[in-house]
Amino acid sequence: PDAGVRVAALRALSRLADPTALPALLQSLNPAHPTACEAACRALAQTIVYLPSKRLPVSATEALPRLVYLLSQEVDRGVRLAAVNALEAYAIPL
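This structure is a prediction, so every number in the text was calculated from the model and none was measured.

**Comments concerning the nonpolar core**
Now for step 1: Counting 26 residues, the largest nonpolar core has Leu29, Leu44 and Leu67 as the members making the most contacts within it.
Now for step 2: When contributions to this core are tallied by element, the ones reaching two or more residues are helix H1 (3-16), helix H2 (22-27), helix H3 (34-49), helix H5 (63-73) and helix H6 (77-91).
Now for step 3: The element best represented in this core is H3, accounting for nine residues.
Now for step 4: When sequence neighbours within four positions are dropped, the list of residues in contact with Leu44 reads Leu22, Leu25, Leu29, Ala63, Leu67 and Tyr90.

Written out as structure tokens, the structure reads:
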């Protein structure tokens, strides 16, 4: 889909904070599409914060190396900031 549609879908997923969306969010952590990647980081953070249990699904833990990569290698400032926010969500006690 076009970038605007992708970003709108990711923002909707962010508002839902539905853990079943984690695989789609992981797929969208793609630095080739910075705007969508930033939206995916934000949606991931929102989803992690509102997980109903203290146990992270495997798909959520798969995001950690991708987020660290984005933080260390991405040139887009918005993506780096969103990656920091997503990593911070993992540290919030549930």
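Now that the structure is up, let's keep going.
**Let's talk about the pattern of salt bridges**
Now for step 1: Evaluation of the coordinates by the stated rule reveals one salt bridge.
Now for step 2: Here Glu38 makes a salt bridge to Arg42, at a shortest N to O gap of 3.0 Å. Here the residue Glu38 and the residue Arg42 both occupy positions in helix H3, the gap between them amounting to four residues, near one helical turn.
Now for step 3: With a relative accessible area of 22%, Glu38 lands in the partly exposed category.

**Topic: the environment of Ala89**
Now for step 1: Within the element layout of this structure, Ala89 appears in helix H6.
Now for step 2: With a relative accessible area of 3%, Ala89 lands in the buried category.
Now for step 3: Placed 40 residues apart in sequence, Ala89 and Val49 show a C-alpha to C-alpha distance of 5.6 Å.

**Description of a nonpolar patch on the surface**
Now for step 1: Together, Leu71, Leu81 and Val84 give the surface a local cluster of nonpolar side chains, amounting to about 220 Å² of exposed area.
Now for step 2: In this fold, Leu71 is placed in helix H5.

**Structural notes on the confidence of the model for the protein chain**
Now for step 1: On average, the protein chain scores 89 in pLDDT, and the residues at 70 or more come to 94%.
Now for step 2: Element-level mean pLDDT values for the protein chain span from 81 in helix H4 (residues 58-61) up to 94 in H3.

**Quick notes on the side chain of Glu74**
Now for step 1: For Glu74, the location among the structural elements is in the loop between H5 and H6.
Now for step 2: Here Glu74 occupies a buried position and makes no salt bridge, while the nearest side chain of opposite charge, Arg80, is found at 6.7 Å.
Now for step 3: In this view, Glu74 contacts Pro31, Tyr69, Val79 and Arg80; residues no more than four positions away in its chain are not counted.

**A short note on the packing of H1 against H3**
For any two helices packed against each other, one specifies the inter-axial angle together with the distance between the axes.
Now for step 1: Closest axis-to-axis distance for the H1/H3 pair is 8 Å, and the angle between their directions is 10°. Accordingly, the angle class assigned to the pair H1 and H3 is roughly parallel. Together, Arg6, Val7, Leu10 and Ser14 of H1 and Thr35, Ala36, Ala39, Ala40, Arg42, Ala43 and Gln46 of H3 make up the contact between the two elements.
Now for step 2: Taken together, the residues of the contact of H1 with H3 sort by class into six nonpolar, three polar and two charged.

Cut-offs used in this document
Residues numbered from 1 in each chain as written. Predicted model: local features only at pLDDT ≥ 70, side-chain atom pairs only at ≥ 80, totals over all residues. Heavy atoms only, no water. Core = buried A, V, L, I, M, F, W, Y, C linked by side-chain atoms within 4.5 Å. Buried < 20%, exposed > 50% of the residue type's maximum accessible area, 1.4 Å probe, protein only. Helix = DSSP H or I, 4+ residues; strand = E, 2+ residues; numbered from the N terminus. Contact = heavy atoms within 4.5 Å. Salt bridge = Lys/Arg side-chain N within 4 Å of Asp/Glu carboxyl O. Patch = residues over 30% accessible without salt bridge, like charges linked within 9 Å, V, L, I, M, F, W, Y side chains within 5 Å. Areas by Shrake-Rupley, 256 points an atom, 1.4 Å probe, with all protein chains shown as cover. pLDDT = per-residue confidence, 0-100. Lys, Arg positive; Asp, Glu negative; His and termini not counted. Axes fitted to C-alpha atoms, helices over the stretch in contact; angles between N-to-C directions. Parallel < 35°, antiparallel > 145°, perpendicular 65-115°, else oblique. Nonpolar A, V, L, I, M, F, W, Y, C, P; charged D, E, K, R; others polar.

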